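Working through the structure, step by step
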Amino acid sequence: MNKSLLALLALMPLAWLVFAALFDPGLLGTNPAEMITRNTGDWALRLLLLALAITPLRRLSGWHVLIDYRRLIGLLGFFYALVHLASYISFDHVFDALAILKDVFKRPFITLGMLSLLLMLPLALTSTNAWVRRLGARRWLRLHRLVYAAGIVAVLHFWWMVKRDISEPLLYAVVLALLLGWRLRERRRRLTLAAGNARAHTDWAGTRARR
Ligand code: HEM
């Protein structure tokens, strides 16, 4: 799939929100502001999880081309998170910086939202090829492990927000646990393989030395 088409598709929910807000706010229910904040939060989280799903999907399906879309999906998720934040700042607090600061310290789910966005920030800033070269692949990959923390904190942010029905955040938590669990299993498998190879090499070197 063409990357512009993917971006266009991912931006459709936002386009719909803008269209509804401008031309028919009734489409957004009784509380359009809340609908916009929640919807953009949902898409930020979905795209973040989709970006995390690319590596397992690629390995399991053999569709290596999927990797070409990961950066764009991550950036789109970050963009939705920024719109989500803008929606919160403008609708919930009408740009009152002091009220926002108080809210961050008073409501833990807001603190977690801010933390998740802060964790995503360095990833978005260093997403270019120039930054991969500047940091070196190893350091860049290490830095980009922050995405796991951003995902965990984002799910906690949603979970903490919900008062009664936890089914939706639970679903996101299960998806995230599966994605992180797969990575842990792969890591363990690689380590076991590497240890096995090292042992085989030592045995082989020992046999040669005795001959
Ligand atoms: C930048 C800091 C953030 C702030 C201030 C913030 C604030 C909020 C607020 C006010 C709500 C709606 C609460 C309500 O309607 O009662 C919300 C919901 C939500 N936020 Fe955030 N958020 C932030 C970051 C994030 C990030 C980074 C993500 C995901 C990557 C995210 C995902 C969500 C989700 C999934 C919901 C629930 C949507 C639903 O009800 O379906 N938020 N957030």
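As a reminder, the structure under discussion sits directly above these lines.
Residues numbered from 1 in each chain as written. Predicted model: local features only at pLDDT ≥ 70, side-chain atom pairs only at ≥ 80, totals over all residues.

**A closer look at the site of the ligand**
Around the ligand, the structure places 22 residues, and the nearest of them are Gly41, Ala44, Gly113, Leu117 and Ala154. Contributions of two or more residues to the shell around the ligand are made by helix H2 (32-61), helix H3 (70-92), helix H5 (108-125) and helix H8 (146-161). Broken down by element, the residue count for the shell around the ligand peaks at eight residues, all from H2. Partitioning the shell around the ligand into residue classes produces twelve nonpolar, six polar and four charged. (Near = placed C-beta within 6 Å. Helix = DSSP H or I, 4+ residues; strand = E, 2+ residues; numbered from the N terminus. Nonpolar A, V, L, I, M, F, W, Y, C, P; charged D, E, K, R; others polar.)

**Overview of the environment of Ile110**
Within the secondary structure, Ile110 is located in helix H5. Owing to 19 C-beta atoms within 10 Å, Ile110 belongs among the partly exposed residues under this scheme. The spacing of Ile110 and Thr37 is 73 residues in sequence and 12 Å in space, taken between C-alpha atoms. Leaving out residues up to four positions away in the same chain, Ile110 has contacts with Asp103 and Val104. (Buried ≥ 20, exposed ≤ 12 C-beta atoms within 10 Å, placed from the backbone. Contact = placed C-beta atoms within 7 Å.)

**Examining the packing of H2 against helix H9 (residues 167-210)**
Two numbers describe how H2 lies on H9: the axes approach to 10 Å, and their chain directions differ by 25 degrees. Taken as axis vectors, H2 and H9 run roughly parallel relative to one another. The chirality of how H2 crosses H9 is left-handed. For the pair H2 and H9, the contacting residues are Leu45, Leu49, Leu52, Ala53 and Pro56 in the first and Tyr172, Val175, Leu176, Leu179 and Trp182 in the second. Residue composition of the contact of H2 with H9, grouped by class: ten nonpolar, no polar and no charged. (Axes fitted to C-alpha atoms, helices over the stretch in contact; angles between N-to-C directions. Parallel < 35°, antiparallel > 145°, perpendicular 65-115°, else oblique. Left-handed = near helix turned anticlockwise from the far one by under 90°.)

**Regarding the packing of H3 against H5**
With their axes 10 Å apart at the nearest point, H3 and H5 run at an angle of 135 degrees to one another. Here H5 runs oblique to H3, going by the angle between their axes. Judged by the twist between their axes, the crossing of H3 over H5 is left-handed. Across the interface between the two elements, Gly74, Leu75, Phe78, Ala81 and Leu85 from H3 touch Leu117, Met120, Leu123 and Ala124 from H5. Of the residues contributing to the contact of H3 with H5, the split by class is eight nonpolar, one polar and no charged.

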